[in-house]
Amino acid sequence: MKPVLLIVDDEKGTRQTLAAALEDGYEVYPAGNAKAARAILESEPVDLLLTDLRLGGESGMDLIDFARALPKPPQCIMMTAYGSPDTAAEAKRHGAYYFLNKPLNLDEVELLLKRASRTQELEETNRELATRLNPNSGLDRMLGDSPQMQDIFNRIRRVAPSTATVLIQGETGTGKELVARAIHNLSDRKDAKFVPVNCAALSPQLMESELFGHERGSFTGASQRRIGRFEEADGGTLFLDEIGEIDIPTQVKLLRVLAERCIERVGSNKSIPVNVRVLAATNRNLEEMVAAGSFRQDLYQRINVISITLPPLRGRGSDVVLMANAFLKELGRENRKEGLILSRPALDALNAYSWPGNVRQLRTAMEHAVVMCPGQEITPADLPDYLRGAVPGGANVRQNIAPMDFVLENSPTYNLKLVEQRTIRLALQAAGGNRSEAARLLGIDRRTLQRKLNQFS
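Counting starts from 1 at the beginning of each chain's written sequence and moves along it residue by residue. For this predicted model, a pLDDT threshold of at least 70 governs which residues receive local features, and a threshold of 80 or more governs which side-chain atom pairs are given and counted, while totals over whole chains, interfaces and linings are taken from all residues. The basis for the side-chain values is all heavy atoms of the structure; hydrogens and waters are excluded.

Visitor: Any details on the overall build of the protein? Residues and values, ideally.
Guide: Secondary structure elements follow DSSP: runs of H or I no shorter than four residues count as helices, runs of E no shorter than two count as strands, and numbering proceeds from the N terminus. For the protein, the helix and strand inventory stands at 20 helices and 18 strands. Here the term buried applies to any residue with accessible area under 20% of the maximum for its type, exposed to any over 50%, and partly exposed to those in between, with areas from a 1.4 Å probe on protein chains only. For the protein, with 457 residues in total, the buried portion stands at 47%. Note on contacts: a residue pair is in contact if any heavy atoms of the two residues lie within 4.5 Å. Once local pairs closer than 6 in sequence are excluded, the contacts in the protein between residues at least 24 apart make up 68%. For the protein, the exposed surface amounts to about 22600 Å²; the carbon and sulfur share of it is 49%. Areas reported here follow the Shrake-Rupley algorithm with a probe of radius 1.4 Å; residue values treat only the protein chains shown as occluding.

Visitor: Can you break down the packing of aromatic side chains residue by residue, with the values?
Guide: The geometry of an aromatic ring pair is captured by the separation of the ring centres together with the interplanar angle, meaning the angle of the planes. Aromatic rings from Phe, Tyr and Trp, taking only the six-membered ring of Trp, are treated as a pair when their centres fall within 6.5 Å; an angle between ring planes under 30 degrees marks them as stacked, one over 60 as edge-to-face, and anything in between as tilted. Applying the stated criterion to the full structure yields four aromatic pairs. Between Phe212 and Phe230, the aromatic rings sit 5.8 Å apart at their centres with planes inclined by 25 degrees, giving stacked as the arrangement. Taken together, the residues span a long stretch of sequence, with Phe212 in helix 8 (residues 204-212) and Phe230 in helix 9 (residues 229-232) at a distance of 18 residues. Residue Phe212 is classed as buried on the basis of its relative accessible area, which comes to 3%. Ring plane angle 35 degrees and centroid distance 5.2 Å describe the contact between Tyr353 and Tyr386, whose orientation is recorded as tilted. A residue pair is termed long-range when its members are at least 10 positions apart, and Tyr353 in the loop between helix 14 (344-352) and helix 15 (358-372) and Tyr386 in helix 16 (residues 385-388) qualify at 33 residues. A relative accessible area of 15% means that Tyr353 is categorised as buried. On the accessibility criterion, Tyr386 (36% relative accessible area) is partly exposed. Among the aromatic residues, those joined into a cluster by ring pairs are Tyr353, Trp355 and Tyr386.

Visitor: Quick rundown of the sheet that holds strand 16 (residues 306-309)? Include the residues and the values.
Guide: Across the sheet, five strands lie side by side as 9-12-15-8-16; this open sheet has parallel pairing. If you trace the sheet from one side to the other, it starts and ends with strand 9 (194-198) and strand 16, each paired once. Sheet twist, expressed as the mean angle between neighbouring strand axes with direction ignored, is 20 degrees. Pairing between strands is defined by DSSP: at least two bridges between them are needed. The pairing of strand 8 (residues 166-169) with strand 15 (residues 277-282) spans four bridges and is parallel. As a rule, the C-alpha atoms of each element are fitted with a line to give its axis, helices using only the stretch in contact, and angles between N-to-C directions run from 0 to 180 degrees.

Visitor: Outline the sheet that holds strand 1 (residues 4-8), supporting the account with residue identities and numerical values.
Guide: The strand order 2-1-3-6-7 describes an open sheet built from five strands, whose pairing is parallel. The strands lining the two open edges of the sheet, one partner per strand, are strand 2 (27-31) and strand 7 (96-101). Within this sheet the neighbouring strands show an average axis-to-axis angle of 15 degrees, counted without direction. Direction of pairing for strand 1 relative to strand 2: parallel, over a ladder of five bridges. When the bridges of strand 2 are listed, Ile7 appears paired with Pro30. Across the sheet, helix 2 (residues 34-43) is in contact with strand 1 and strand 2; its angle to strand 2 comes to roughly 145 degrees.

Visitor: Can you tell me about the pattern of salt bridges, naming the residues and giving the values?
Guide: Only one rule defines a salt bridge in this text: a Lys or Arg side-chain nitrogen within 4 Å of an Asp or Glu carboxyl oxygen. Per the stated rule, a full pass over the model turns up 22 salt bridges. Put simply, Glu210 and Arg229 hold a salt bridge, and the shortest N to O gap is 2.6 Å. Placement of the pair is Glu210 in helix 8 and Arg229 in helix 9, with a sequence separation of 19 residues. Linking Glu264 and Arg256 is a salt bridge whose minimum nitrogen-to-oxygen distance equals 3.8 Å. A relative accessible area of 45% means that Arg256 is categorised as partly exposed. Sharing partners across several salt bridges, the network here consists of Glu27, Glu215, Arg225, Glu231 and Arg265.

Visitor: Can you lay out the confidence of the model for the protein for me, pointing to particular residues and giving the numbers?
Guide: Atom-level detail of predicted coordinates should not be read off regions where pLDDT is low. On average, residues of the protein carry a pLDDT of 84, and 87% of them reach 70 or more. Scored from 0 to 100, pLDDT records how confident the predictor is in each individual residue. Predicted confidence is poor over residues 130-137, with pLDDT under 50, and the contacts of this stretch with residues over four places away or in other chains come to eight contacts. Note on residues 391-414: pLDDT under 50 across the span, and 37 contacts to partners over four residues away in sequence or across chains.

Visitor: Lay out the nonpolar core with the relevant residues and their values.
Guide: Note on terminology: a nonpolar core comprises buried Ala, Val, Leu, Ile, Met, Phe, Trp, Tyr and Cys residues joined through side-chain atoms within 4.5 Å. Residues Phe230, Leu238, Leu240, Ile243, Leu254, Leu286 and Ile303 are the most contacted members of the largest nonpolar core, which totals 29 residues. Among the elements of the structure, strand 9, helix 8, strand 12 (237-241), helix 10 (248-260), strand 15, helix 11 (286-292) and helix 12 (297-303) are those that each provide at least two residues to this core. If one sorts the elements of this core by residue count, helix 10 sits on top with four residues. Setting aside anything within four residues of it in sequence, one finds Phe230 in contact with Leu211, Phe212, Leu238, Leu254, Val257, Ile263, Val274, Val276 and Val278. In this structure, Val321, Ala324, Leu362 and Leu387 belong to the second largest nonpolar core, which totals 26 residues.

Visitor: Describe the pairing of strand 1, naming the residues involved and giving the relevant values.
Guide: Most of strand 1 sits inside the fold, with five of its five residues counted as buried. The alternating pattern of strand 1 places Val4, Leu6 and Val8 and Leu5 and Ile7 on opposite faces, both of which are buried. Note that the unit made of strand 1, helix 1 (residues 12-22) and strand 2 has a crossover that is right-handed. The pairing of strand 1 with strand 3 (residues 48-52) spans four bridges and is parallel. Within strand 3, the residue paired with Val8 across the bridge is Thr51. Consider the strands pointing away from the viewer: the crossover is right-handed when the path from the first strand over the helix to the second runs clockwise.

Here is the structure:
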């Protein structure tokens with residue numbers, strides 16, 4: 001895939017000459033002013049920026065500042081007919097890779113662009129390496145001691161080295177994108193790009209252009225050629241979030257791309273091969289959509305090679321407390337309120353709530369608590385209003401569990417063993433298999449629980 005080069009100059013002749021000379025080695029985007037350049041920088045993955053110093057009423061220095069502040073900044077080369085040592089030094093301070101004086105020598109321009117492109121590749125590699133070494137990347141960002149999540153982690157590790165398409169299912173807020181990123185980070189494609197696409201945020205009219213790109217003039221408003229997400233993800237991973245929102249005509253074209261591994265930009269008949277692993281996610285029931293005719297069965301079969309279904313937070317037992325404490329540490333650090341702890345009544349409220357918004361809602365609740373807590377211990381008064389009434393015996397399955405002493409004291413002796421077994425089974429289910437948490441719910445210590453389990457086996 002060619003490096004993407006943005007050429008910015010208010011002189012049309014210079015733009016055209018440079019574009020014609022460099023289009024064989026680069027994906028060239030010309031812009032005649034800073035406003036147009038910024039629009040391209042915000043919408044396209046630009047690798048190299050070649051800009052004039054004077055852009056009408058704006059300065060190329062400001063454009064370089066804008067470009068270098070992007071999450072993945074391009075290498076920037078400044079050119080001008082009004083150069084001086086001071087101007088060159090200033091350009092370097094703004095982050096310019098090099099400073100060129102006009103009139104330009106095309107051989108020198110090509111040499112500098114090749115060097116800058118190699119530097120850009122090294123910086124990208126360093127960013128990817130830093131991401132992999134970051135303890136918050138990959139599986140390390142996914143928390144859970146429950147048996148359900150341990151099974152999810154094992155499935156991620158098994159499918160990651162393959163090339164199989166994976167369908168990630170689960171309610172909103174359960175962490176489907178984290179699963180996709182973990183698969184990418186643990187795969188052979190980890191050094192290439194991970195490109196997410198929120199299909200629910202795109203209209204049917206924009207979806208095809210977003211995925212496959214378009215040629216200049218292919219529709220009203222298409223003033224520049226644009227590469228799509230498939231091309232951007234070439235060699236890496238494309239994550240199609242909320243794939244159930246894609247309309248039927250685009251589903252047909254997506255199916256063809258998945259089958260042939262080639263795309264065609266809107267307005268072009270040229271086939272462009274792409275080497276992309278596709279991961280998809282949805283919070284909708286695609287089987288029901290297939291039955292209703294709103295999702296193609298052949299596409300469903302194509303993306304559902306491997307299925308990973310995330311459990312809702314309300315079914316993950318002690319993971320609620322584990323994740324709440326992790327969020328508390330992270331958000332406390334961000335808000336300069338480190339060392340906060342959750343009181344027992346606050347923990348009871350978190351455990352009793354059903355969490356319809358799942359992990360995302362839990363994080364928001366903990367952010368509310370961090371901001372509102374006046375001291376070091378978070379109480380129910382610091383939690384969102386909807387949590388203050390969530391007490392044991394409420395919406396959580398813990399309402400079915402009575403303390404063990406109460407069960408033993410109020411049960412017929414001839415049925416004692418069955419009552420104990422049922423109560424312990426309910427406690428383990430509510431705790432997601434975590435024996436320490438189950439013992440706490442039952443009002444006994446872990447050693448007693450273990451002894452009773454041994455008696456039942």
